[in-house]
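Structure assessment
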Amino acid sequence: MLFLLMTDAIFMGQTNTINHESPGKFQEARFEKIHNLSYSSATESSKLVANEIAHLIKTTVDRKFVLGLATGSSPIDVYKELVWLHQNENLSFKNVVTFNLDEYYPISPKEAQSYHHFMRVHLFDHIDIPKDQINIPKGNLTPDEIRDYCKMYENKIASLGGLDYQLLGIGRTAHIGFNEPGSHRNSVTRLVTLDPLTLNDAAKDFNGVEKVPKKAITMGINTIMNAKRIVLLAWGSHKASVVAKTIEGPISEVAPASFLQEHPNVTFILDKEASSDLTRINTPWLVLDCEWTEVLTKKAVFWLCKRVSKSILKLTPRDYSENGLSGLINTYGSVYDLNIWMFNQVQKTITGWPGGKPKFSDENRPERANPSSKRSLIFSPHPVDDIISMGGTISRLIEQGHQVHIAYQTSGSRGVSNEHALRYIEVYLQIEPDQLNFQQLKNEILNTKEGHIDSVALRELKGFIRVSESLESARLLNLPKENVHFLNLPFYENGITKKK
Ligand code: F6R
């Protein structure tokens, strides 16, 4: 309770908070079973979390403060802020003992993808925590060491009086730590097999799903649930559905994070995107009386179409009233008028003239009445993003006489696989068998080991491959070569997954 009061003191007064004390707002949150706060920015809310941790560290004086830590993208800003507090506000970690949730297995602590490496880079190398107070599950044990090691990890946490604070992220499988669906409520630290979805999510860090370790050592659900205070961080729309399921759904092993509903002192810290599937945000008409703005009306009608699997013009008064939308009909007068209005809204977004139609009055369409030839500049993060996401539109713009330019922001070298590059190298070596540089590149590819970072020459070659592919699509589109621009912005060119 003390923790909760302290937390409220830190988090209250921020924008967008749900105040569970206020009966009006409580009605909106009636489907929610976990205390959650939603903020516009992950960076700002991470500062609040770091402040909470700092406050607890400073006020724990008679014993060690036992801090459970997570890895992954979610806690990075919290660690950044803790480092800042250490460097600028004298926050000391000398009295802190940390326990990380998990580590891949098998993996060496030296690998760039290991959680040992992650923790050094993001936190431990920059603070004054004594090395012997850091605990991260070992990923390089022999199979017969694992059982005893996991027992030791559990006992060590317990011997310090349990975790005072556990920081969590959440995976798209609803895992916390690496407790994948099927994990038992009473599970403790152990070796687990990772879910295929988790392996896929980790593939970008390991340069391919086949290189991701298939197992991990993780604290159990029970280990986590015994923490005195738990804060879970989730950012981004890709977390929205799992966050809603965890907060509003039933408690079940299928969604291990849902066990947190039973914890007496847990808060989810979310950004707008991650909270966007909560009922009060996604479908507010199901929990409160709405003010029917145009945007909300469109959202509601789309939602209803999906819900009842009907197209707009087939929606009936009963569909609206049975699905909590009778208030909307009252505002619009009749379902007939509402359906037609909505249909017209959608219809107006469709055009075969993305740059506008010359000599045609299009006052009611999303384009100017007398459009002239335009210069359009298409920014594409990687070569290919343009064609994949708007190839048809680019083609139309060119056909209809606009001046189209495409600017590729990065070389896209990371998108070219070794196999793909090898094909080009081998063609070249057939023409010039003694070309030493190409022979070296071939050797580099054939001897690639886990965690290998491409040499500058290999990255350059891969970049050239992307350039030639982009020029090929420009040719197919009849786009002059001079209108294709390769910016080669530098933040990508370090050969590793983490971008500058
Ligand atoms: C990491 C961990 C995982 C992550 C989760 C979310 O130590 O235990 O549960 O928190 O996979 O990962 P991100 O934050 O990268 O989305």
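Residues numbered from 1 in each chain as written. Predicted model: local features only at pLDDT ≥ 70, side-chain atom pairs only at ≥ 80, totals over all residues. Heavy atoms only, no water.

A few words on the pairing of strand β1 (residues 36-39). Here β1 shows a buried face lined by Asn 36 and Ser 38 and a second buried face lined by Leu 37 and Tyr 39. Here four bridges tie β1 to strand β10 (residues 266-271), and the two strands are oriented parallel to one another. If you follow Tyr 39 over to β10, its bridge partner there is Asp 271. (Buried < 20%, exposed > 50% of the residue type's maximum accessible area, 1.4 Å probe, protein only. Helix = DSSP H or I, 4+ residues; strand = E, 2+ residues; numbered from the N terminus. Pairing = 2+ DSSP bridges.)

In this section: the domain arrangement of the protein. We note that the domain assignment places domain 1 (2-280), domain 2 (284-347) and domain 3 (375-416 + 456-492) within the protein. With centres defined by C-alpha atoms, the gap from domain 1 to domain 3 works out at 40 Å. (Domains from an automatic or database assignment.)

Time to look at the pattern of salt bridges. Between side chains of opposite charge, a pair can form when the charged atoms approach closely. Counted under the stated rule, the structure contains 14 salt bridges. For the salt bridge of Arg 229 with Glu 52, the shortest nitrogen-to-oxygen distance reads 3.0 Å. Of this pair, Arg 229 sits in strand β9 (residues 229-234) while Glu 52 sits in helix α3 (residues 42-59); the two residues are 177 residues apart in sequence, bridging distant segments of the chain. Overlapping salt bridges, with partners in common, bring together Arg 63, Asp 164 and Lys 228 in one network. (Salt bridge = Lys/Arg side-chain N within 4 Å of Asp/Glu carboxyl O.)

The next thing to look at is the sheet that holds strand β8 (residues 215-218). Here we have three strands laid out as an open sheet, ordered β4-β8-β7, and antiparallel in their pairing. Each edge of the open sheet carries a strand with a single partner, namely β4 (102-105) and β7 (190-193). Across the sheet, the mean angle separating the axes of adjacent strands is 30° when strand polarity is ignored. Bridge count for β4 against β8 is four bridges, and the pairing is antiparallel. Among the inter-strand pairings, Tyr 105 is bridged to a residue of β8, identified as Lys 215. (Axes fitted to C-alpha atoms, helices over the stretch in contact; angles between N-to-C directions.)

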